[in-house]
Structure formats: structure tokens, C-alpha cells
Amino acid sequence: MQLAHLNNTEASTLAKQQSKLLIVEDEALFARAVVRRLQKSGYECAHVESLQDARNIVKQFTPDIVLLDMRLPDGNGLDLLTEFVAKGAVVIVMTAHGEISDAVNAMKLGAVDYLKKPIDLEELLLSIQKAETAAMQSKSLDYSRQRNTHASEGVELLGDSLAMQNVKMQIKRIAQLVSNDSVPPTVLIGGETGTGKDVAARSLHLSCANSDKPFVHVDCASLPAELMESELFGHEKGAFTGAVSARPGLIEAAEDGTLFLDEIGELPLALQAKLLNVLERRVVRRIGSTKERSVPARFVAATNRDLHEMSQNGRFRQDLYYRLNMMSIFMPPLRDRGHDIMLLAKNFAAQTARRYGLPSPHFTREAISTIQTYAWPGNVRELKHQVSRAMLLCHHGELTDIDLALPNSRMETIPVPLSDSHQSTLDAAEKSILMQVLVDTKYNVSEAARKLGITRMTMRYRMDKHQIKV
């Protein structure tokens with residue numbers, strides 16, 4: 001049995017801000033790596049290797065969150081799960097390949113998430129941060145503490161390109177739309193994968209008057225279909241097999257803050273109808289309950305899919321699409337952000353250097369050229385991953401094109417940087433193409449987007465960029 005100790009400064013910070021974690025895991029090397037990573041983020045951790053040790057340690061260490069392995073030397077983690085849930089702890093189960101059925105059963109018994117081994121430590125940290133929202137439901141922890149600790153991390157919208165100036169302006173305007181007694185408008189954030197839609201959602205939340213309220217992030221793509229309804233809407237005790245206690249859903253957890261529905265296009269049609277009812281009537285009813293509870297939260301949804309086309313094809317409810325799309329924000333692809341690319345790259349490198357105590361970063365001329373001419377199909381997420389990885393591999397903080405190790409995918413049609421004359425020529429050509437397709441389709445924006453092979457929201461973004469009015 002191992003208790004991870006912190007220094008006085010960290011302990012003082014923890015007492016004000018952080019949750020306590022218990023890791024129940026018999027793989028010692030993996031457990032030590034988890035403890036080190038969580039300590040780096042300021043968490044207080046205890047580690048045990050068996051069911052019996054876990055039962056013993058809770059007499060002196062009361063965890064808010066438990067990381068629970070399914071296979072332990074003296075039994076199955078499921079035997080311990082209900083005990084922790086009954087004590088008010090939030091449980092994340094960890095399972096090896098072939099044990100997914102156990103993980104699903106664990107979630108039916110009250111676990112909030114499951115991770116399949118081998119587990120990426122950054123993914124684990126993200127899961128813990130999401131679990132803290134559930135911990136606050138179960139133990140009435142202070143939501144403002146959660147916001148101060150995590151909601152503001154990584155939410156700065158860096159960049160001064162015209163595209164990002166437009167995004168910031170839209171966020172500011174939307175945040176100012178709501179008075180104290182009015183219902184906030186729903187917001188739909190579109191854009192390619194990795195463009196930072198979640199960052200835009202958090203930035204919007206922090207720009208609002210109720211920024212001290214909860215920000216609840218729901219990833220519709222990662223929630224198991226059989227658990228999605230319970231996770232969103234909550235359930236009463238006995239509502240279904242395994243519902244050993246009443247549990248509020250994530251919609252309720254948002255209270256009068258923000259509920260962020262990421263990858264909303266993955267929501268099943270049956271749940272789309274229930275979500276529409278929540279948006280229209282501003283009430284939610286748990287599974288197995290006849291009582292309706294008011295929902296004052298702001299709803300923000302995000303997608304990289306064309307919801308308009310999906311609604312036309314019957315794969316997304318048209319009425320829900322129009323309800324979500326009251327206000328829209330389009331996150332531009334990285335290739336359209338010009339010199340923002342290097343600004344972001346330097347910022348990510350500096351973050352990594354601070355996190356791991358490395359020398360201040362310096363990019364060689366070849367590295368800068370490589371970054372500026374690469375196509376970045378994965379957008380900001382890919383840029384962050386590649387630069388952070390290169391920072392860990394480079395010598396004395398000097399990042400080279402070899403450290404970046406980017407695939408051979410260059411922006412042959414849109415080289416960066418461009419001279420003013422070349423940029424003007426490129427913009428004129430793009431505008432001419434857009435105008436021609438719009439004329440050919442009799443200014444039907446959806447049909448024009450299909451002909452160009454882009455989403456309707458991207459088409460609208462391009463039209464706004466070139467000030468094309470229909």
C-alpha cells in the first residue's frame with residue numbers, strides 16, 4: 001500500500017482545489033507512472049494493489065475518484081465498485097482487452113467511464129477531469145473550484161488572423177446576448193476535426209456572465225449507446241437493472257452554466273427527440289421518474305459533420321438542427337490561418353518546455369519552413385501533438401525539421417507565407433470559383449457546397465470571407 005505525499009505548497013493548493021484519487025491497480029509500474037502524472041497535475045493520490053488493501057485504506061483516506069482495475073489478485077473489481085459508489089466516490093474502471101463486457105456492467109453499476117489498456121496517461125487525465133463533474137454531483141463539491149482548476153486550461157483562442165478575429169468577435173457578441181431573466185440561445189460550432197471547437201465552447205462559457213457556473217463537456221461519440229440516455233438524462237433508483245441509486249444526468253449537472261454537446265451528429269435519433277423536448281420546454285425528466293426539473297443551462301453543440309445534409313437525408317432531426325443552429329460559429333481550418341500557425345507552434349513548444357522543465361524552445365529556419373508549408377490535415381490538434389513530441393526529442397530546445405518528422409504532405413496550392421500580390425490572386429480565384437458554382441446552382445448554398453465537396457457551414461464561411469451575399 002502506497003500513499004503519495006506532496007510538499008506543503010502543493011498540499012495547500014490541493015486543499016483548496018483538487019480531488020483525492022485512489023488507484024486500485026496490481027501492475028506496479030503502470031500504477032507508479034499514473035501517480036507521477038497525477039502528482040504533476042497537483043492531485044493527491046493513494047495506490048493499493050488489491051481489494052483488501054482498498055477496503056483498508058479508505059478508513060484513513062477518503063477518495064473523491066477511484067481508478068479501479070477489473071482484474072485484481074484477490075477478486076474482481078466489480079466486487080468493490082458498489083462499495084465505492086455507495087460511499088459517494090466516482091469510479092473510472094480500467095480494463096484489459098477482452099473485458100469490455102465487465103466494463104459495461106461496471107458502468108451500469110455506477111462507474112462514470114471505462115478505459116481500455118494500454119492507457120494513454122493524457123487520456124486518463126482528461127477522463128479524470130471529466131469525472132470531477134460527476135464527483136461534484138455525488139459529493140456536492142464546489143463547482144467554481146472545478147472551473148478555476150480545469151475549465152480555463154487551454155481555452156485561450158490564440159491568433160490574430162482575420163478568420164480568428166471573426167471567431168472572437170462572434171463569441172463576444174453571443175456572450176452578450178443574454179440578460180439575467182432570458183433563456184440563452186443555443187449555439188452550433190462547426191469545423192473540421194482538430195480545429196478547436198471545444199476551446200471555442202469553453203471560451204464562450206468563460207465570456208458569459210455566469211462563467212463561475214459549471215461547464216459540462218459531453219462527448220456524444222464516446223458514450224456507449226446503451227448508457228447514453230442514462231448519462232444525459234439521469235435515472236431514478238430501480239429504473240432498470242443495476243440502477244442501485246438515483247443519479248442526476250449531465251444535463252442537470254450543468255445547472256445554470258454551459259452544457260457542451262461535442263460530436264452532436266453521433267446522437268441517436270431517439271435521443272435527439274428527447275433532447276429537442278429539453279431545448280423546447282427547458283425541463284428534463286430522469287428515466288423512471290414522473291417529476292420534471294427545470295434546465296436553465298446554455299446549450300452549445302459542436303460537429304465536424306454536415307448536419308444540414310444529414311437532416312435532409314433523415315439521419316438527423318431537422319427540427320433539432322434548426323433549434324441548435326440559432327447561432328453558429330465556424331472554426332477555420334489551420335491552413336486558412338496564415339501566420340497563426342507559427343504563433344501556435346511556439347506556444348505549444350513553450351507549454352511543453354514548462355511542463356517538463358526543458359530549455360526554452362528555438363525553431364530552426366528549416367523547421368519554420370516545414371511547419372508553414374505542411375498541409376496540417378489534423379489541424380490544431382495535429383500541430384500540438386507534433387510540436388510537443390518534437391520538443392521532447394530535440395536537443396537543448398532547438399527544434400529541427402527532423403525532430404518534427406512530418407509526413408510528405410505540403411500545401412502545394414496554398415503556400416505560406418504568401419506575398420500580398422499572390423494572396424490577392426489566390427483570393428480572387430477562390431471567389432471566382434464560388435461565384436460560378438453559386439450561379440450554376442441558382443444560388444442554392446447547399447447544392448453549391450455539395451458540388452464543391454465541402455459542408456454547408458464551410459461554404460457559408462467561404463462566402464463570408466469573400467463578402468458574397470445571397
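Notes on the structure follow. (Residues numbered from 1 in each chain as written. Predicted model: local features only at pLDDT ≥ 70, side-chain atom pairs only at ≥ 80, totals over all residues. Heavy atoms only, no water.)

## Quick look at the overall build of the chain
Phase 1 of the analysis: The helix and strand inventory of the chain stands at 21 helices and 19 strands.
Phase 2 of the analysis: Per-residue burial over the chain gives 50% buried out of 470 residues.
Phase 3 of the analysis: Total accessible area on the chain is roughly 22200 Å²; 49% of this is exposed by carbon and sulfur atoms. (Helix = DSSP H or I, 4+ residues; strand = E, 2+ residues; numbered from the N terminus. Buried < 20%, exposed > 50% of the residue type's maximum accessible area, 1.4 Å probe, protein only. Areas by Shrake-Rupley, 256 points an atom, 1.4 Å probe, with all protein chains shown as cover.)

## Quick word on the nonpolar core
Soluble, globular proteins show a tendency: their nonpolar side chains are buried together.
Phase 1 of the analysis: Within the largest apolar cluster, 32 residues are counted, with the highest numbers of intra-cluster contacts made by Ile251, Leu261, Ile264 and Phe299.
Phase 2 of the analysis: At the level of secondary structure, the elements contributing two or more residues to this core comprise strand E10 (215-219), helix H10 (225-233), helix H11 (250-253), strand E13 (258-262), helix H12 (269-281), strand E16 (298-303), helix H13 (307-312) and helix H14 (318-324).
Phase 3 of the analysis: For this core, the element with the most residues is H12, which contributes 5 residues.
Phase 4 of the analysis: Phe299 has contacts with Pro185, Thr186, Val187, Ile251, Leu259, Leu261, Leu275, Val278, Leu279 and Arg282, leaving out every residue within four places of it along the chain. (Core = buried A, V, L, I, M, F, W, Y, C linked by side-chain atoms within 4.5 Å. Contact = heavy atoms within 4.5 Å.)

## What to know about the packing of aromatic side chains
Aromatic ring pairs are defined here through the distance separating the ring centres and the angle between the ring planes.
Phase 1 of the analysis: Considering all chains together, one arrives at 3 aromatic pairs under this definition.
Phase 2 of the analysis: Here Lys274 stacks its cationic end above the ring of Phe233, 4.4 Å away from the centre of that ring. (Phe/Tyr/Trp six-rings, centres within 6.5 Å; stacked < 30°, edge-to-face > 60°. Lys NZ or Arg CZ within 6 Å of the ring centre and 35° of its normal.)

## A few points about the sheet that holds E10
Phase 1 of the analysis: Pairing within the open sheet is parallel, and its 5 strands lie in the order E10-E13-E16-E9-E17. What marks the edges here is a single partner per strand, and that holds for E10 and strand E17 (327-330). Pairs of neighbouring strands in the sheet enclose a mean axial angle of 20°, with direction left out of account.
Phase 2 of the analysis: Summarising the sheet, strand E9 (residues 187-190) and E16 pair through 4 bridges and their orientation is parallel. Within the sheet, the bridge partner assigned to Gly190 lies in E16 and is Thr303.
Phase 3 of the analysis: Its contacts with the sheet put helix H21 (residues 456-465) on E9 and E17, and the angle it makes with E17 is roughly 80°. (Pairing = 2+ DSSP bridges. Axes fitted to C-alpha atoms, helices over the stretch in contact; angles between N-to-C directions.)

## Details of H10
Phase 1 of the analysis: Within H10, burial applies to Leu227, Met228, Ser230, Glu231, Leu232 and Phe233.
Phase 2 of the analysis: Positive phi appears at Gly234, one or two residues downstream of H10, with a value of about 80°.

## Brief notes about the packing of helix H15 (residues 340-356) against helix H17 (residues 379-393)
For any two helices packed against each other, one specifies the inter-axial angle together with the distance between the axes.
Phase 1 of the analysis: Contact geometry for H15 and H17: axes closest at 9 Å, N-to-C directions at 45°. When the axis of H15 is compared with that of H17, the two are oblique. The chirality of how H15 crosses H17 is right-handed. Within the contact between the two elements, H15 uses Ile341, Leu344, Ala345, Phe348, Ala349, Gln351, Thr352, Ala353 and Tyr356 and H17 uses Val380, Leu383, Lys384, Val387, Ser388, Met391 and Leu392.
Phase 2 of the analysis: Taken together, the residues of the contact of H15 with H17 sort by class into 12 nonpolar, 3 polar and 1 charged. (Parallel < 35°, antiparallel > 145°, perpendicular 65-115°, else oblique. Left-handed = near helix turned anticlockwise from the far one by under 90°. Nonpolar A, V, L, I, M, F, W, Y, C, P; charged D, E, K, R; others polar.)

## Focus on the pattern of salt bridges
Phase 1 of the analysis: On inspection of all chains with the given rule, the structure shows 14 salt bridges.
Phase 2 of the analysis: Put simply, Asp319 and Arg317 hold a salt bridge, and the shortest N to O gap is 2.7 Å.
Phase 3 of the analysis: Asp319 gets classed as partly exposed once you look at its relative accessible area, which sits at 33%.
Phase 4 of the analysis: When the shortest N-O distance is used, the salt bridge between Asp340 and Arg337 registers 3.4 Å.
Phase 5 of the analysis: Assessed through its relative accessible area of 1%, Asp340 is described here as buried.
Phase 6 of the analysis: A single salt-bridge network, built from bridges that share partners, covers Glu236, Glu252, Arg286 and Arg293. (Salt bridge = Lys/Arg side-chain N within 4 Å of Asp/Glu carboxyl O.)

## A short note on a nonpolar patch on the surface
Phase 1 of the analysis: Together, Tyr356, Leu358 and Leu392 line one region of the surface with nonpolar side chains, adding up to about 260 Å² of accessible area.
Phase 2 of the analysis: By secondary structure assignment, the location of Leu392 is in helix H17. (Patch = residues over 30% accessible without salt bridge, like charges linked within 9 Å, V, L, I, M, F, W, Y side chains within 5 Å.)

## Comments concerning the pairing of strand E2 (residues 20-24)
Phase 1 of the analysis: In terms of burial, E2 is largely enclosed, as 4 of its 5 residues are buried.
Phase 2 of the analysis: Pairing of E2 with strand E3 (residues 44-48) involves 5 bridges; the strand directions are parallel. In the strand pairing of E3, Ile23 is matched with His47.
Phase 3 of the analysis: Across 4 bridges, E2 lies against strand E4 (residues 65-69) in parallel orientation. Across the sheet, the residue bridging to Leu21 is Ile65, located in E4.

Any functional reading would require information beyond the geometric quantities listed.
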